[in-house]
Amino acid sequence: MTEDTNARIAQLVDSNDVLLFMKGTPLFPQCGFSSKAVAILQHLNVEFGSVDVLQDQEIRQGIKAFSDWPTIPQLYVKGEFVGGSDIMMEMYETGELSQLFETNGLVGAR
C-alpha cells in the first residue's frame, strides 16, 4: 500500500464519526455482508458515511492493510476499527454496538 493511499484512508476515517468501507452503496449494497452491515446501522438509527471499495482498487486493497483485516465491509467509529459484518452482528445482538454508539453520542433521535 502506498503512503498516499494510507493517507487517503486515514483522512476518510478521521473525517467521519461512523464510516463503513463496503462493496456498493447503502442504497445498493453489492454483497450480502455489506447489505447486513448497512441494515444494522440503519436499524440502530446511526448516521454513517460509506466508501464503495468497488470504485477504487487502491482503497479496496489498502483498507485491508490499514486495518490488518482481510475482508470487506469494515466499520470504523470515531477513528477506531470495530470489525466486519460478523463482528458487527455479534455486537448488535449483545447490545455492545448500540452501547458503543450511545457512548460516543452517535445515536440519532428515534
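Residues numbered from 1 in each chain as written. Predicted model: local features only at pLDDT ≥ 70, side-chain atom pairs only at ≥ 80, totals over all residues. Heavy atoms only, no water.

(A) Representation of the pattern of salt bridges. Enumeration according to the criterion identifies three salt bridges in this entry. Between Arg8 and Asp56 there is a salt bridge; the shortest N-O distance is 2.3 Å. Here Asp56 lies in the loop between β2 (49–52) and α3 (57–67) and Arg8 lies in helix α1 (residues 3–14), a separation of 48 residues in the sequence. In this structure, Lys78 and Asp17 form a salt bridge, with 3.6 Å as the shortest nitrogen-oxygen distance. In this pair, Lys78 sits in the loop between β3 (74–77) and β4 (80–83) while Asp17 sits in the loop between α1 and β1 (18–22), placing the two residues 61 residues apart along the sequence. Taking relative accessible area as the criterion, Lys78 reaches 41% and is therefore assigned partly exposed. Counted as one network, the salt bridges with shared partners bring together Arg8, Asp56 and Glu58. (Salt bridge = Lys/Arg side-chain N within 4 Å of Asp/Glu carboxyl O. Helix = DSSP H or I, 4+ residues; strand = E, 2+ residues; numbered from the N terminus. Buried < 20%, exposed > 50% of the residue type's maximum accessible area, 1.4 Å probe, protein only.)

(B) Fine view of the pairing of β3. Covered by surrounding structure in β3 are Gln74 and Tyr76 together with Leu75 and Val77, the residues of both alternating faces. Pairing analysis gives three bridges linking β3 to β4, with the strands arranged antiparallel. Within β4, the residue paired with Tyr76 across the bridge is Phe81. Once β3 ends, the chain turns through two residues before running back antiparallel as β4, passing Lys78 with a positive phi of about 50°. (Pairing = 2+ DSSP bridges.)

(C) Structural view of unusual backbone geometry. Of note, the bond from Ile72 into Pro73 is cis; its omega dihedral lies within 30 degrees of zero at 10°. Within the secondary structure, Pro73 is located in the loop between α3 and β3. A positive phi angle is found at Asp68, which is not glycine, with a value near 60°. Among the structural elements, Asp68 can be located in the loop between α3 and β3.

(D) Structural view of the nonpolar core. Counting residues in each nonpolar core, the largest one holds 18 residues, and the members touching the most others are Val18, Leu20, Leu41, Leu75, Met88, Leu97 and Phe101. Elements supplying a minimum of two residues to this core: β1, α2 (32–43), β3, α4 (85–94) and α5 (96–103). Of all the elements, α2 adds the most residues to this core, at four residues. Among all residues touching Leu41, those that are not within four sequence positions of it are Val18, Leu20, Val46, Phe48, Leu75, Met88 and Phe101. Among the nonpolar cores identified, the runner-up in size contains 10 residues, and Val13, Leu19, Val51 and Ile72 belong to it. (Core = buried A, V, L, I, M, F, W, Y, C linked by side-chain atoms within 4.5 Å. Contact = heavy atoms within 4.5 Å.)

(E) The environment of Leu19, seen in detail. Within the element layout of this structure, Leu19 appears in strand β1. Taking the C-alpha atoms as reference points, Leu19 and Leu100, separated by 81 residues in sequence, lie 14 Å from one another. For Leu19, the residues in contact, after removing those within four places along its chain, are Leu12, Val13, Gly49, Ser50, Val51, Gln74, Leu75 and Tyr76.

(F) Fine view of the side chain of Ser67. Looking at the element boundaries, Ser67 is found in helix α3. Separated by 3.2 Å, the side chain of Ser67 and the backbone nitrogen of Trp69 make a polar contact. Ser67 has contacts with Gln74, Tyr76 and Phe81, leaving out every residue within four places of it along the chain. (Polar contact = N/O pair within 3.5 Å; in protein donor to acceptor, adjacent residues only side chain to side chain.)

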